[in-house]
Amino acid sequence: IAEAMSRANVSAQLAGSEINKYMSYITTVSDVSQMSAETVGTAFKTLYSRYGNVKAGKFVAGAGDESNGEEFEALNDIEKVLKKIGISMRDTSAEFRNFDDVLAEIADKWVTLSDVERNAISTAFAGTRQREVFNVLMSNFDQVGKFENIAENSDGSTQEKMDIYGDSVEASKNRVTAAVEELT
């Protein structure tokens, strides 16, 4: 997971993806597909990058005139495709929605979409080379929640175990100190 995450950590943060969700996406795809960590991480870098992509012509056309909805309507291919199925990629004309929220909305609709719609979304999000990763993620999105719960419930358990170990080491040290003092 760490190897895969290292490939797109910054991209995930810029897209507003929460760390536990990001880990859950990677874990789901890795678990189902058995792809290498490098492949999965690179695929997620592509997904995050494409999500935040703004075509230069659209940025220039809409930058000074937010009321011009036609020119500012679709900043990238993902937004074009998502609008067709009733999902908005932006909160306002100048702000993207959180990546995790958009992905969850797509996942809710995934089984009701036609093959053509699913392929259009996959290709827009991931491109032709990484679309398999996106399809695996969407088809197994229920596992994302399972892995996210595991991550949230394990949060702090490492620290607890270290505290227990530290206490046991401290207790052992105290016993040795007491034995040495008694001996002397």
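All residue numbers refer to positions counted from 1 along the written sequence of the respective chain. The predicted nature of this model means local features are confined to residues of pLDDT at least 70 and side-chain atom pairs, given and counted, to a pLDDT of 80 or more, with totals for whole chains, interfaces and linings taken over all residues. The basis for every side-chain value is the complete set of heavy atoms in the structure, and neither hydrogens nor water enter the calculation.

1. As for the overall build of the protein
Secondary structure elements are defined from DSSP: runs of H or I of at least 4 residues count as helices, runs of E of at least 2 residues count as strands, and each element is numbered from the N terminus. Secondary structure summary: the protein contains eleven helices and two strands in total. Walking the protein from its N terminus toward its C terminus, one meets helices and strands in the order α-α-α-α-α-α-α-β-β-α-α-α-α. Here's how the labels work: a residue is buried when its accessible area is under 20% of the maximum for its type, exposed when over 50%, partly exposed in between, all with a 1.4 Å probe on protein chains only. The buried share of the protein, taken over its 184 residues, is 35%. Throughout, a residue-residue contact means that at least one pair of heavy atoms, one from each residue, lies within 4.5 Å. Across the protein, every contact between residues at least 6 apart in sequence was considered, and the portion connecting residues at least 24 apart equals 60%. Here, Shrake-Rupley sampling with a 1.4 Å probe gives the accessible areas, and only protein chains in the shown set may cover a residue. Carbon and sulfur atoms provide 51% of the accessible area of the protein, an area that totals close to 10700 Å².

2. Looking at the environment of Asp91
For Asp91, the position within the fold is in strand 1 (residues 90–92). For Asp91, a relative accessible area of 56% puts it in the exposed group. When near neighbours in sequence (up to four residues on either side) are disregarded, Asp91 contacts Phe96 and Arg97.

3. Notes on the packing of aromatic side chains
Any two rings among Phe, Tyr and Trp, with Trp reduced to its six-membered ring, count as a pair given centres within 6.5 Å; such a pair is stacked if its planes are under 30 degrees apart, edge-to-face if over 60, and tilted if neither. Using the criterion set out here, one finds 13 aromatic pairs in the structure. Between Tyr25 and Phe44, the aromatic rings sit 6.2 Å apart at their centres with planes inclined by 5°, giving stacked as the arrangement. Of the two residues, Tyr25 sits in helix 3 (residues 19–33) while Phe44 sits in helix 4 (residues 37–51), which places them 19 residues apart along the sequence. Of the residues examined, Phe44 reaches a relative accessible area of 0% and is grouped as buried.

4. Some words on the pattern of salt bridges
Here a salt bridge means any side-chain nitrogen of Lys or Arg lying within 4 Å of a carboxyl oxygen belonging to Asp or Glu. Enumeration over the complete set of coordinates arrives at six salt bridges. The salt bridge partner of Glu3 is Arg7, with a shortest N-O separation of 2.9 Å. A residue is classified by how much of its surface remains accessible, and Glu3, at 35% relative accessible area, is partly exposed. Asp115 is the partner of Arg118 in a salt bridge, and the nearest nitrogen-oxygen pair spans 2.4 Å. Here Arg118 and its partner Asp115 are both found in helix 9 (residues 115–139), three residues apart, which amounts to about one turn of the helix.

5. Remarks on the packing of helix 7 (residues 77–84) against helix 9
Here an angle of 0 to 180 degrees is reported between the N-to-C directions of two axes, which are lines fitted to C-alpha atoms, with helices fitted over the stretch in contact. At a minimum axis separation of 8 Å, helix 7 and helix 9 run at an interaxial angle of 155°. Here helix 7 is positioned roughly antiparallel relative to helix 9, judged by the angle of their axes. The two elements helix 7 and helix 9 meet at a crossing, and its hand is left-handed. Contacts between helix 7 and helix 9 involve Asp77, Ile78, Val81 and Leu82 on the former and, on the latter, Ala120, Ile121, Ala124 and Phe125. Put simply, angles under 35 degrees are roughly parallel, angles over 145 are roughly antiparallel, angles from 65 to 115 are roughly perpendicular, and the rest are oblique. The handedness criterion is simple: a crossing whose near helix is rotated anticlockwise from the far helix by less than a right angle is left-handed, and one whose near helix is rotated clockwise is right-handed.

6. Some remarks on the nonpolar core
Soluble globular proteins tend to pack their nonpolar side chains together in the buried interior. Nine residue types can take part in a nonpolar core, namely buried Ala, Val, Leu, Ile, Met, Phe, Trp, Tyr and Cys, and a core is a set of them joined through side-chain atoms within 4.5 Å. In terms of nonpolar packing, the biggest core is built from 40 residues, with Phe44, Ile106, Ile121, Phe125 and Phe134 touching the most fellow members. For this core, the secondary-structure elements that each account for two or more residues are helix 1 (2–6), helix 3, helix 4, helix 7, helix 8 (99–109), helix 9 and helix 10 (141–154). Looking at this core, the element that brings in the most residues is helix 9, giving nine residues. Discounting chain neighbours no more than four positions away, the residues touching Ile121 are Val81, Leu82, Ile85, Ile106, Trp110, Leu113 and Phe134.

7. A short note on the packing of helix 3 against helix 10
Here helix 3 crosses helix 10 at 125°, and the two axes come no closer than 8 Å. With respect to helix 10, the element helix 3 is oriented oblique. The element helix 3 and its partner helix 10 pack so that their crossing is right-handed. Residues Asn20, Lys21, Met23, Ser24, Tyr25, Thr27, Thr28, Asp31 and Val32 of helix 3 touch helix 10, and the partners they reach there are Phe141, Gln143, Val144, Phe147, Glu148, Ala151 and Glu152. Polarity classes work like this: nonpolar for Ala, Val, Leu, Ile, Met, Phe, Trp, Tyr, Cys and Pro, charged for Asp, Glu, Lys and Arg, and polar for all others, with Gly in that last group. Class assignment for the residues of the contact of helix 3 with helix 10 results in seven nonpolar, five polar and four charged.

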